[in-house]
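Chain by chain, the residues:
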Amino acid sequence: MKAIVTGASSGIGKEIAKILSEKGYYIILVARRKELLDALIPKLKNGGEVFVADLSKENACKDLYEAYKDADIDVLVNNAGFGVHGKFSETDLERDLSMLKTNVLGLHTLTKLFLPDMLKRNKGYILNVASLAAFMSGPLMSAYYASKAYVLRLSRGISKEIKGSGVKISVLCPGPVDTEFNKVAGVKFALKPLSAKKVAHIAVKRMFKGKFLTLPGITAKFSALFSKILPDCILSECSYLIQKKKVKKNSKF
Ligand SMILES: NC(=O)c1ccc[n+]([C@@H]2O[C@H](COP(=O)([O-])OP(=O)(O)OC[C@H]3O[C@@H](n4cnc5c(N)ncnc54)[C@H](OP(=O)(O)O)[C@@H]3O)[C@@H](O)[C@H]2O)c1
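Residues numbered from 1 in each chain as written. Predicted model: local features only at pLDDT ≥ 70, side-chain atom pairs only at ≥ 80, totals over all residues. Heavy atoms only, no water.

**Student:** Quick question: what am I supposed to make of the sheet that holds strand 3 (residues 48-52) here?
**Tutor:** Adjacent strands of a sheet pair through backbone hydrogen bonds, lying either parallel or antiparallel. Taking strand neighbours across the sheet as the criterion, the 7 strands line up as 3-2-1-4-5-6-9 in an open arrangement whose pairing is parallel. In this open sheet, the two strands that pair with only one neighbour each are strand 3 and strand 9 (213-214). In this sheet, strand 6 (residues 167-172) lies alongside strand 5 (residues 124-129) in parallel orientation, the contact comprising 6 bridges. Bridging from a neighbouring strand, Leu127 pairs with Ser170 of strand 6. (Pairing = 2+ DSSP bridges. Helix = DSSP H or I, 4+ residues; strand = E, 2+ residues; numbered from the N terminus.)

Now the structure itself:
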């Protein structure tokens, strides 16, 4: 059994890789920081290998598929992603585009390439990592929230298309998780985070049960519920207040 885990050099992806390995999978670890991926290999119970790739580059996604298209991949975890924090009018365009290419286009491309092969074999699991952000707009992280809405909507549509087949697609929508995410986005937590290990355990368990949506923890469950009840403008105000709280004291927001 083989699994590809993107964004496996830290956080949720690293924990998912370890859990899948314990379940007997040989893991293909994907990310940019080779030294961190190399360091994870000895910790994998059932072995694995490293594929260094910047998934914001279309060719890197295609190269990953070319390298493993004949490997009968059983599980694809599209976890790589990051956030950009700040006013839309002020954040760096190149950083925004890099985020969208990773969170949206990279995930889209890998799902598109690996799914048909899984359907031909009539078996496989795809786990797409979105966020609670997928359920609302997110002032001060507008593009990130929108990118995660794409992941959720795309995955929901696909799940309907493949219903009845042996292939299952799941989406993980966590609230705050203690990873490198905030360091990369340049902010600090506004709410108490869950551990990456806990989130990964819940996500893997539900993926293998064939559950479409995973909302780990009470905060995520309630927030998703409120997103169904509250008007968009109120939700937007709430997420604005949360994002504003994340900013360091000397910020201009
Ligand atoms: N932490 C949270 O609060 C939270 C909440 C909801 C959703 N999420 C989502 O969870 C996923 C994992 O994030 P995390 O929280 O575990 O953060 P993290 O610790 O920063 O991990 C992000 C992973 O993505 C990889 N990555 C980023 N850009 C990449 C690129 N261009 N090409 C290949 N790999 C790339 C990073 O590896 P390299 O830097 O080595 O490339 C790293 O392994 C993300 O999709 C994130 O949006 C996080």
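**Student:** Help me out: how do you make sense of the site of the ligand in this one?
**Tutor:** The ligand sits among 30 residues. The nearest are Ser9, Ser10, Arg32, Tyr144 and Thr179. Side-chain polar atom of Tyr144 to an oxygen atom of the ligand: 2.6 Å apart, as the coordinates give it. One of the side-chain N or O atoms of Thr179 is found 2.6 Å from an oxygen atom in the ligand. When isolated, the ligand has an accessible area of 870 Å², and the protein chains bury 96% of it. Residue composition of the shell around the ligand, grouped by class: 14 nonpolar, 11 polar and 5 charged. (Near = heavy atom within 4 Å. Polar contact = N/O pair within 3.5 Å; in protein donor to acceptor, adjacent residues only side chain to side chain. Areas by Shrake-Rupley, 256 points an atom, 1.4 Å probe, with all protein chains shown as cover. Nonpolar A, V, L, I, M, F, W, Y, C, P; charged D, E, K, R; others polar.)

**Student:** Sorry, what's going on with helix 1 (residues 11-22) here?
**Tutor:** Counting along an α-helix, one turn takes 3.6 residues, and residues three or four places apart therefore face a common direction. If you check helix 1, its first and last C-alpha atoms are 17 Å apart, about what 12 residues at 1.5 Å a residue would give, namely 16 Å. Most of helix 1 sits out of view: 9 of its 12 residues are buried. For helix 1, the full list of buried residues reads Gly11, Ile12, Gly13, Glu15, Ile16, Ala17, Ile19, Leu20 and Ser21. Positive backbone phi, approximately 105°, marks Gly24, located one or two places after helix 1. (Expected span 1.5 Å × (residues − 1). Buried < 20%, exposed > 50% of the residue type's maximum accessible area, 1.4 Å probe, protein only.)

**Student:** Got a minute to help me understand the packing of helix 1 against helix 7 (residues 196-208) in this structure?
**Tutor:** How two helices pack is summed up by the angle between their axes together with the distance between the axes. The interhelical angle for the contact between helix 1 and helix 7, taken along N-to-C directions, is 55°, at an axis separation of 8 Å. Relative to helix 7, helix 1 is oriented oblique. Crossing handedness for the pair helix 1 and helix 7: right-handed. Across the interface between the two elements, Gly11, Ile12, Glu15, Ile16, Ile19 and Leu20 of helix 1 pack against Ala196, Lys197, Val199, Ala200, His201, Val204, Met207 and Phe208 of helix 7. For the contact of helix 1 with helix 7, a count of residues per class yields 10 nonpolar, 2 polar and 2 charged. (Axes fitted to C-alpha atoms, helices over the stretch in contact; angles between N-to-C directions. Parallel < 35°, antiparallel > 145°, perpendicular 65-115°, else oblique. Left-handed = near helix turned anticlockwise from the far one by under 90°. Contact = heavy atoms within 4.5 Å.)

**Student:** Help me understand the packing of helix 3 (residues 58-68) against helix 4 (residues 93-121) in this model?
**Tutor:** Packing of helix 3 against helix 4 leaves a shortest axis separation of 9 Å and a crossing angle of 25°. As far as their axial angle goes, helix 4 and helix 3 are roughly parallel. The two elements helix 3 and helix 4 meet at a crossing, and its hand is right-handed. Facing helix 3, whose interface residues are Cys61, Lys62, Leu64, Tyr65 and Tyr68, helix 4 presents Gly106, Thr109, Leu110, Leu113, Phe114 and Asp117. Residue composition of the contact of helix 3 with helix 4, grouped by class: 7 nonpolar, 2 polar and 2 charged.

**Student:** Help me understand the state of the cysteines, please; the structure alone is not making it clear to me.
**Tutor:** By definition, a disulfide links the sulfur atoms of two cysteine residues through a covalent bond. Inspection of every chain in the model, using the stated rule, returns 0 disulfides. There is no disulfide at Cys173, and the cysteine sulfur nearest it, in Cys238, is 18 Å away. Taking the relative accessible area as the measure of exposure, Cys173 reaches 0% and is therefore buried. Cys238 forms no disulfide, and the closest cysteine sulfur to it belongs to Cys233, at a distance of 9.8 Å. The exposure class assigned to Cys238 is partly exposed, which follows from its relative accessible area of 35%. (Disulfide = S-S within 2.5 Å.)

**Student:** I would appreciate a short explanation of the nonpolar core in the present structure.
**Tutor:** Where a protein is soluble and globular, its nonpolar side chains tend to be buried together. Within the largest apolar cluster, 49 residues are counted, with the highest numbers of intra-cluster contacts made by Ile4, Tyr68 and Phe135. Those elements that place two or more of their residues in this core are strand 2 (26-31), helix 3, helix 4, helix 5 (142-161), strand 6 and helix 8 (217-229). If sequence neighbours within four positions are ignored, Phe135 has contacts with Leu152, Cys173, Leu213, Leu215, Ala224, Ser227, Lys228 and Leu235. Core analysis: the next-biggest nonpolar cluster, separate from the first, contains 27 residues, Val5, Ile19, Tyr25 and Val75 among them. (Core = buried A, V, L, I, M, F, W, Y, C linked by side-chain atoms within 4.5 Å.)

**Student:** Hey, could you run me through the environment of Ala8 in this one?
**Tutor:** As for its placement among the helices and strands, Ala8 is situated in the loop between strand 1 (2-6) and helix 1. For Ala8, a relative accessible area of 1% puts it in the buried group. The contact partners of Ala8, leaving out residues within four places of it in the chain, are Gly13, Lys14, Leu29, Val30, Ala31, Leu37 and Leu40.

**Student:** Even after reading the chapter, I still don't get empty space enclosed by the protein, so can you show me in this structure?
**Tutor:** Overall, the coordinates contain 3 cavities of 30 Å³ or more when judged by the stated rule. Reported here for the largest cavity is a volume of approximately 50 Å³. Contributing to the lining of the largest cavity are Val84, Gly86, Lys87, Phe88, Thr91, Asp96, Met141, Ser142, Ala143 and Tyr144. By residue number, the principal contributor to the lining of the largest cavity is helix 5, which donates 3 residues. Per-class residue counts for the lining of the largest cavity are 5 nonpolar, 3 polar and 2 charged. (1 Å grid on protein atoms, 1.4 Å probe; cavity = no way out; pocket = protein on both sides within 12 Å on 5 of 7 lines; lining within 4 Å. Points joined across faces, edges and corners; volume = space filled by probe spheres on them.)

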